[in-house]
Amino acid sequence: LEAVESAPAPEVVLLPNNKNIIPVAEQVDAMTDKAVRVVPTRGVAEAFASLLAYDPEAAVGDNAAAMASAASQVVAGEVTRAVRDSSTDRGPIREGDWLGIARDGIVAIDENLSGAATTLLDQLVGPEHEIVTIIEGDGATQATTRHLEVWLHDNRSGCEVEVHHGGQPLYPYLFGIE
């Protein structure tokens, strides 16, 4: 609400970037005189795609619809490190393992960052996809990023790869696949 009120515009589009925040964001419109619409983004990769559909001349409702459509076309994935031992349908997880997470949950477990990331990409990137956006965060290395680019070139040759530095903590890699 504070961000909406401080925005220098009568209409605001919110990108929650977290599935748990979407219901809270949807309450903001009733709490302000501004026109507020929520694009239900679950992560940064979806938000990136939605921003490409933003039209500064369009009405808030039209923008929200176009942005939501763009976000829904993205297959998102993220790589993070396990903070404790656990078990999943994919097998046991040890503290410190790297986890490849998709919309439906954990799809890769590996003690190596590069291994978790490539396994995740192998699960998410199909022949119908054209663009893979890699967003580097804390813990990403030039060598691992280059390995991912080469892996995509060798294994998903029809995809264009874009790399951006996001600097996000806890997630060395976020992927947006379109």
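All figures in this text were calculated on a predicted structure; none of them were measured in a lab. (Residues numbered from 1 in each chain as written. Predicted model: local features only at pLDDT ≥ 70, side-chain atom pairs only at ≥ 80, totals over all residues. Heavy atoms only, no water.)

Quick notes on the environment of Trp151
- Here Trp151 is to be found in helix α6 (residues 142–155).
- Distance in space between the C-alpha atoms of Trp151 and Trp98 is 18 Å, their sequence separation being 53 residues. (Helix = DSSP H or I, 4+ residues; strand = E, 2+ residues; numbered from the N terminus.)

Details of the sheet that holds strand β9 (residues 160–165)
- The strand order across the open sheet built from six strands is β7-β6-β3-β10-β8-β9, with neighbouring strands paired in mixed fashion. Only two strands of the sheet have a single partner each, and these edge strands are β7 (105–110) and β9. Put simply, the sheet's adjacent strands are angled 20 degrees from each other on average, direction ignored.
- Taken together, the six bridges between strand β8 (residues 131–136) and β9 define a ladder with parallel strand orientation. Pairing of Ile135 across the sheet is with His164, part of β9. (Pairing = 2+ DSSP bridges. Axes fitted to C-alpha atoms, helices over the stretch in contact; angles between N-to-C directions.)

With respect to the pattern of salt bridges
- As enumerated under the stated definition, the model contains four salt bridges in all.
- Between Asp29 and Arg37 there is a salt bridge; the shortest N-O distance is 3.9 Å.
- Assessed through its relative accessible area of 33%, Arg37 is described here as partly exposed.
- The partner of Arg156 in a salt bridge is Asp122, with the nearest N and O atoms 2.7 Å apart. With Arg156 in the loop between α6 and β9 and Asp122 in helix α5 (residues 113–124), this pair connects stretches of sequence that are 34 residues apart.
- Look at Asp122 and you get partly exposed, because its relative accessible area is 40%. (Salt bridge = Lys/Arg side-chain N within 4 Å of Asp/Glu carboxyl O. Buried < 20%, exposed > 50% of the residue type's maximum accessible area, 1.4 Å probe, protein only.)

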